[in-house]
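One letter stands for each residue in the lines below.
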Amino acid sequence: VIDEYDLLQDALRQRPVYVIMGEIRGEEGRTLFDMMNTGHTTHTTFHASKPKEVIRRFTTAPINVPPSMFDALDIIVQQEKVNIEGKDARRVGEVVEVEEYNQSNNQFSMNDSYSWDRRTDEFLKEGRSNVLEDIRETNQWSKNELERELTQRKIVLAYLVKNNINTYAGVASTVQGYMAAKETVLGLIANNELRNRIGALHKMRNIDIDVDPKKEALIPRPK
C-alpha cells in the first residue's frame, strides 16, 4: 500500500521546487514539515476550527510535529463555508502569519494580517504584514513598488473572475504569462483582449501548460 507518507518521501528525493499536498491527517505532517525546514515551498490543507487549533493539532498526537519546526510555516489561511444572501459561499475568514515559537513559555507569536467582515462581506487589512515586508526586502522594492505589484496582481485576478476564466489552462496561462511578461499581460487586460488571447499565451517562452481537455471538462466550476 502506498500512502501519503510514501508519496512525500518520494517527492523529497526528486528535489522539488514546490510541494502541494491535498490534506494532512497523520504522520505525513511531520514529513511535510521536514521538507519545509529544508527550504522547500509547501502548500497543504488541514481541518481545524481556528488557526491556533491548527498548531495545537499539529503539535499533538497523532502528528506530533515539534513546536520548534513551526518557524518554517509562514501563513495559515482559514476558509469558511458561509451563507451570503441565502446562498452557500466560500470566504477566507482569516489570514494569520506565524512568526515565532517562544520555548520559554511554550507559546506561538501570531500576526492577524487580514480578516473577513461578516456584516459587510468585505476583506479588511488588520495590520502590518511581516511576510510582505520580507518579500519587499528580498526583491529590493520600495514600499510604493510593493503596493504597485500588489495592485497589478489584483487587477489580473479580478479580470479572471469578471470574465469567468476558471479552467486550469486559462488561469495557469495567465499567471505564468504575467510572471514571464508582465507588461504584455497587463496590456491585454487594459485592451480587454486577454480572454481571446489566452491560447496564444501557451506559445510564450517559459509557459508550460499540460492539461487534458476531457478531464478538465469533468471538474465543476464555481460561478
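Conventions we followed
Residues numbered from 1 in each chain as written. Predicted model: local features only at pLDDT ≥ 70, side-chain atom pairs only at ≥ 80, totals over all residues. Heavy atoms only, no water. Salt bridge = Lys/Arg side-chain N within 4 Å of Asp/Glu carboxyl O. Helix = DSSP H or I, 4+ residues; strand = E, 2+ residues; numbered from the N terminus. Buried < 20%, exposed > 50% of the residue type's maximum accessible area, 1.4 Å probe, protein only. Pairing = 2+ DSSP bridges. Axes fitted to C-alpha atoms, helices over the stretch in contact; angles between N-to-C directions. Contact = heavy atoms within 4.5 Å. Arc of directions from axis to C-beta. pLDDT = per-residue confidence, 0-100. Parallel < 35°, antiparallel > 145°, perpendicular 65-115°, else oblique. Nonpolar A, V, L, I, M, F, W, Y, C, P; charged D, E, K, R; others polar. Phe/Tyr/Trp six-rings, centres within 6.5 Å; stacked < 30°, edge-to-face > 60°. Left-handed = near helix turned anticlockwise from the far one by under 90°.

**Some points on the pattern of salt bridges**
Okay, step 1: On inspection of all chains with the given rule, the structure shows twelve salt bridges.
Okay, step 2: Across the pair Arg-118 and Glu-80 runs a salt bridge whose closest N-O atoms are separated by 2.5 Å. Highlighted residues: Arg-118 in the loop between β5 (107-117) and β6 (122-125) and Glu-80 in strand β3 (residues 75-84), separated in sequence by 38 residues.
Okay, step 3: What makes Arg-118 exposed here is its relative accessible area of 55%.
Okay, step 4: A relative accessible area of 14% places Glu-80 in the buried class.
Okay, step 5: Where Glu-133 meets Arg-136, a salt bridge forms, and the shortest distance between an N and an O atom there is 3.1 Å. Taken together, the residues span about one helical turn, with Glu-133 and Arg-136 both in helix α4 (residues 130-139) at a distance of three residues.
Okay, step 6: Taking relative accessible area as the criterion, Arg-136 reaches 15% and is therefore assigned buried.

**Points about the sheet that holds β6**
Okay, step 1: Pairing is antiparallel in the open sheet, where four strands are placed in the order β3-β4-β5-β6. The open sheet terminates on both sides in strands that have one partner only, identified here as β3 and β6. The mean inter-strand angle of the sheet, taken between neighbouring strand axes irrespective of direction, is 30°.
Okay, step 2: Looking at chain direction, β3 and strand β4 (residues 87-102) are connected through ten bridges and run antiparallel. What sits directly across from Asn-83, in β4, is Asp-88.
Okay, step 3: Contacting β3, β4 and β5, α4 crosses the sheet at an angle of about 70° to β4.

**Thoughts on helix α8 (residues 194-201)**
Okay, step 1: Buried residues of α8: Leu-194, Ile-198 and Leu-201, and no others. Buried residues along α8 cover an arc of 70° about the axis, so they all sit on one side.
Okay, step 2: The inward-facing, buried residues of α8 abut α5 (143-162), α6 (168-180) and α7 (182-190).

**Digging into the confidence of the model for the protein chain**
Okay, step 1: Summarising the model, the protein chain shows a mean pLDDT of 88, and 96% of its residues fall at 70 or more.
Okay, step 2: Averaged pLDDT values over the elements of the protein chain bottom out at 78 in helix α9 (residues 213-217) and peak at 96 in α5.

**Details of the packing of α6 against α7**
Okay, step 1: Running from N to C, α6 and α7 point in directions that differ by 125°, and their axes come no closer than 5 Å. In this view, α6 runs oblique relative to α7, as classed from their interaxial angle. Of α7, the residues touching α6 (which contributes Thr-174, Gly-177, Tyr-178 and Ala-180) are Lys-182, Val-185 and Leu-186.
Okay, step 2: Within the contact of α6 with α7, the residues separate by chemical class into four nonpolar, two polar and one charged.

**Brief notes about the packing of aromatic side chains**
Okay, step 1: Scanning the model with the defined rule gives six aromatic pairs in all.
Okay, step 2: Note on Tyr-101 and Phe-108: the rings are 4.9 Å apart at their centroids and 40° apart in plane angle, and the pair reads as tilted.
Okay, step 3: The class of Tyr-101 is buried, set by a relative accessible area of 18%.
Okay, step 4: Aromatic ring contacts, followed pair by pair, group Phe-33, Phe-46, Phe-58, Phe-70, Tyr-101 and Phe-108 into a single cluster.

**A few points about the environment of His-43**
Okay, step 1: Mapped onto the elements of the fold, His-43 is located in strand β2 (residues 41-44).
Okay, step 2: Here His-43 falls in the partly exposed class, since its relative accessible area comes to 44%.
Okay, step 3: Along the backbone, His-43 and Arg-90 are 47 residues apart, and their C-alpha atoms lie at a distance of 19 Å.
Okay, step 4: Filtering out sequence-adjacent residues up to four positions away, His-43 remains in contact with Val-19, Ile-20 and Met-21.

**Quick word on the packing of α5 against α6**
Okay, step 1: Orientation of α5 relative to α6, taken along the N-to-C sense of each, is 155°, at an axis distance of 11 Å. Taken together, the axis directions place α5 and α6 in an arrangement best described as roughly antiparallel. Of the two possible hands of crossing, α5 and α6 adopt the one that is right-handed. Contacts between α5 and α6 involve Glu-149, Gln-152, Arg-153, Val-156 and Leu-160 from the first element and Val-171, Thr-174, Tyr-178 and Met-179 from the second.
Okay, step 2: Its residues assigned to classes, the contact of α5 with α6 shows five nonpolar, two polar and two charged.

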